[in-house]
Amino acid sequence: MSSRVIAVPKDITKPLTDSIAAAERLIASAEFAETEQDLAEGYDYLAGSIAAIIQLVRGRSLSHPNFVTSTGPSTKMGLDNPDTLYYHADVEPTGTYLVRGRRGTTTDLSFQVLRGDYTPSAVPGGEDAFDDRRLTIADDGTFELTFGPAIPDPPDNYFALGEGASMLAVREVYSDWTERKGSITIERVDTVGTAPEEADLARVARRYATAGKMLTARIHTWFNFPKWFYLDEPVNTFTPPRQTPGGLSTQFSSVGHYRLGPDEAMVISIPKSDAPYQGFQLGSMWYISLDYVNHQTSLNSAQAQVDPDGVIRMVVSHRDPGVANWIETTGRQQGILQFRWQRSDSPIGPELGPSATVVGIDEVAAHLPHLEHNKIDQAGWSERIAARQRAFAERMLG
């Protein structure tokens, strides 16, 4: 009976563990981490990032792609929208991919081809980002589209992959969270019906190296994003609505950052627009959403209470002001403010943007002209939170 000696490589996990250690140092030294809660959130964010990266590198496949969840409640990144389901699949410009699905009843469904640096792929005619209005959808909700190299006279529902294309991102957006999500699949036409090669030791080693690079890029990118796009604005203000950089031409956003004391509140007023989707959320300084399931840290125009004059008035504060449109800071004295409009057929001008006033928590009532319309008691508030919890649970399992 013979025995075989296997040469075991050394430090195969070192690229990943080195990146984890570097990320830990970055979080520990974050200037905006002013409390233990801030640090706890940072380390928890790191844990979610590690989990996400490991899942991605183990599941990615250029030869046999599948849609996977890009970000979720336990793997947050990039100021994830509480109203959105995010999916992506790996692609390459030379491949041809058949995407099939069934349209749900959600407000928006969009597709975007991205490069490896998470920027839009260069595609003539704006085919790198579009929503389902570009598709032919059958009466039963099914659709089929193809992504592949640029070809002359492409048929309907054929979309070219631009230079450097590496990812097909799909976003499905809810309004009041009671809608039914759709389904979607992808297959590469020249490999469907075959099996991928099993990972050998060299490939597993490359996965650890790739995971280390991806973790470093992820932490650094989103760590700096607020500095680049938010923190240069005056605190407790919003930018005028603008087209979302690198997104759909029908998407607009207005951003800011807040700092509120324990007895302060920000009263935000914004007209309810005709855009099918109009949403607001708070984010932490780690550039991720706050707990949007067990707390009302976000509201969209289908969830929010609209005053009789057509204006949505929200109150951002630590303490409960007793109104239906309270946006909870969950104890965070500073953070990110974000409005989004999607699927808009016309530009979102400054007149449709938000205005904000910081007042004492005891002065909130004086800034709500329809206070009697806004009030809610504890039982009513508990039911709002219960509705969020139930809808989210169904959304994730449906």
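Residues numbered from 1 in each chain as written. Predicted model: local features only at pLDDT ≥ 70, side-chain atom pairs only at ≥ 80, totals over all residues. Heavy atoms only, no water.

- The protein has the name DUF1214 domain-containing protein in an unreviewed UniProt entry, where Gordonia amicalis is given as its organism.

**Notes on the sheet that holds strand 8 (residues 165-173)**
Phase 1 of the analysis: Read across the open sheet, the five strands follow the order 1-2-8-4-5; overall the sheet is antiparallel. Every interior strand has two partners, whereas the edge strands, strand 1 (68-69) and strand 5 (129-131), have only one.
Phase 2 of the analysis: Sheet topology places strand 4 (residues 108-115) next to strand 5; three bridges connect them, and they run antiparallel. Note that in strand 5 the partner of Gln 112 across the bridge is Ala 129. (Pairing = 2+ DSSP bridges. Helix = DSSP H or I, 4+ residues; strand = E, 2+ residues; numbered from the N terminus.)

**Overview of the pattern of salt bridges**
Phase 1 of the analysis: A complete count under the given rule lists 20 salt bridges for this structure.
Phase 2 of the analysis: Put simply, Arg 103, Asp 108, Asp 132 and Arg 343 are held in one network by salt bridges that share partners. (Salt bridge = Lys/Arg side-chain N within 4 Å of Asp/Glu carboxyl O.)

**A closer look at the environment of Lys 213**
Phase 1 of the analysis: With respect to the secondary-structure elements, Lys 213 resides in helix 3 (residues 201-229).
Phase 2 of the analysis: Lys 213 gets classed as exposed once you look at its relative accessible area, which sits at 66%.
Phase 3 of the analysis: Considered as a pair, Lys 213 and Pro 9 are 204 residues apart in the sequence and their alpha carbons are 20 Å apart. (Buried < 20%, exposed > 50% of the residue type's maximum accessible area, 1.4 Å probe, protein only.)

**Focus: helix 3**
Phase 1 of the analysis: Taking 1.5 Å of rise per residue, the 29 residues of helix 3 would be expected to cover 42 Å, and the 42 Å separating its terminal C-alpha atoms lies within 8% of that figure.
Phase 2 of the analysis: Among all positions in helix 3, only Ala 211, Gly 212, Met 214, Leu 215, Arg 218, Ile 219, Trp 222, Phe 223, Asn 224 and Pro 226 are buried.
Phase 3 of the analysis: The inward-facing, buried residues of helix 3 contact helix 1 (14-28), helix 2 (36-59) and strand 17 (334-342). (Expected span 1.5 Å × (residues − 1). Contact = heavy atoms within 4.5 Å.)

**Considering the nonpolar core**
Proteins that are soluble and globular tend to have nonpolar side chains buried together.
Phase 1 of the analysis: Counting residues in hydrophobic clusters, the biggest one holds 28 residues, and the most contacted among them are Phe 67, Val 99, Phe 111, Leu 145, Phe 147, Leu 168 and Ile 186.
Phase 2 of the analysis: Elements supplying a minimum of two residues to this core: strand 2 (84-90), strand 3 (97-102), strand 4, strand 6 (142-148), strand 8, strand 9 (183-188) and helix 5 (378-397).
Phase 3 of the analysis: Membership of the second largest hydrophobic core comes to 27 residues, among which are Ala 30, Phe 32, Trp 222 and Tyr 287. (Core = buried A, V, L, I, M, F, W, Y, C linked by side-chain atoms within 4.5 Å.)

**Things to note about the layout of surface pockets**
Phase 1 of the analysis: Taken as a whole, the second largest pocket holds about 560 Å³ of empty space.
Phase 2 of the analysis: For the lining of the second largest pocket, the secondary structure elements donating two or more residues are helix 2 and helix 3.
Phase 3 of the analysis: Top element by residues in the lining of the second largest pocket is helix 3. It accounts for four residues.
Phase 4 of the analysis: For the lining of the second largest pocket, the per-class residue count stands at five nonpolar, six polar and eight charged. (1 Å grid on protein atoms, 1.4 Å probe; cavity = no way out; pocket = protein on both sides within 12 Å on 5 of 7 lines; lining within 4 Å. Points joined across faces, edges and corners; volume = space filled by probe spheres on them. Nonpolar A, V, L, I, M, F, W, Y, C, P; charged D, E, K, R; others polar.)

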